[in-house]
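Each chain, written out:
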Amino acid sequence: SGLFAKGGSSDLLITDNYIHHVAGDGLLVGGWTSAGSFLPGTDYEARDVVVTGNVVHDAAKRPLTVRGAENVDIHGNYFGSLEGNEHAVLIGAGSPDLDPPPPSVNVSIRDNVFDRILNVFDIESSSTGITIVDNRNDGVIDGDLRPTPPDALTAGFVDTLPDALLDMPVWGTSARYERSIGGT
């Protein structure tokens, strides 16, 4: 996977990433963690996750997968698929090492741009509270969602996200405002 959060991850903001040319899933919220690798005391893959302002394309499995995640808000992203992707998005259960495997619950997918009309979503029957509204399926982006990757001369990302597409949660910090990992 290009980027993933699993094994009992919680309270996450995944924003302003450019994920492309990946052999597996582009962006994976949750997953199939082995039983011994979960954070102690957790029985979910990921919980309380916001995914916004990301551009994902050319992922061999699919651009977006949600497995065993709870309370996930995915909005303001671009998901470009490959012709060989069966679906652009999979929502399903997490690790089969847990009994029962954790379902995906309360997942909102809204205000995103997908580049396909057919076979966009594959939602497994164990998933509940799934909301899919106001997404575009024509691949057209109003403005540039892609962050400018840092180079040797800059300390971090240049914010190129249109404010109209980004409904930032009220959190103290995010990748949009930090100069670099570990920076201020």
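This write-up is about the structure you can find in this document. (Residues numbered from 1 in each chain as written. Predicted model: local features only at pLDDT ≥ 70, side-chain atom pairs only at ≥ 80, totals over all residues. Heavy atoms only, no water.)

Observations regarding the overall build of the protein
In terms of helices and strands, the protein carries 0 helices and 14 strands. Ordered by position from N to C terminus, the α and β elements of the protein give β-β-β-β-β-β-β-β-β-β-β-β-β-β. Counting all 184 residues of the protein, 45% fall into the buried class. (Helix = DSSP H or I, 4+ residues; strand = E, 2+ residues; numbered from the N terminus. Buried < 20%, exposed > 50% of the residue type's maximum accessible area, 1.4 Å probe, protein only.)

Details of the sheet that holds strand β6 (residues 55-59)
For sheets, the rule is that strands pair by backbone hydrogen bonds, running either parallel or antiparallel. Strand order in this open sheet of 4 strands is β3-β6-β9-β12, and the pairing throughout is parallel. Each edge of the sheet is formed by a strand with only one pairing partner; in this case those strands are β3 (18-22) and β12 (113-114). Pairing of β3 with β6 involves 4 bridges; the strand directions are parallel. Across the sheet, Val22 pairs through a bridge with Ala59, a residue of β6. (Pairing = 2+ DSSP bridges.)

What to know about the pattern of salt bridges
All chains considered together, the criterion is met by 6 salt bridges. Because the salt bridges share partners, they merge into one network encompassing Asp73, Arg110 and Asp111. (Salt bridge = Lys/Arg side-chain N within 4 Å of Asp/Glu carboxyl O.)

Here's the deal with unusual backbone geometry
Cis rather than trans, the peptide bond between Asp99 and Pro100 has omega equal to 0°. The residue Pro100 is located in the loop between β10 (89-92) and β11 (105-110) in this model. The residue Asp16 is not glycine, and still its phi comes out positive at about 60°. Take Asp16: it is sitting in the loop between β2 (9-15) and β3. Judged by its relative accessible area of 4%, Asp16 falls in the buried class.

Concerning the sheet that holds strand β13 (residues 121-123)
Pairing is parallel across the open sheet formed by 5 strands, whose spatial order is β1-β4-β7-β10-β13. Of all the strands in the sheet, just β1 (3-5) and β13 have a single pairing partner and so form its edges. Taken pair by pair, the neighbouring strands of this sheet meet at an average axis angle of 5°, ignoring direction. (Axes fitted to C-alpha atoms, helices over the stretch in contact; angles between N-to-C directions.)

By themselves, these figures tell us nothing about what the structure is for.
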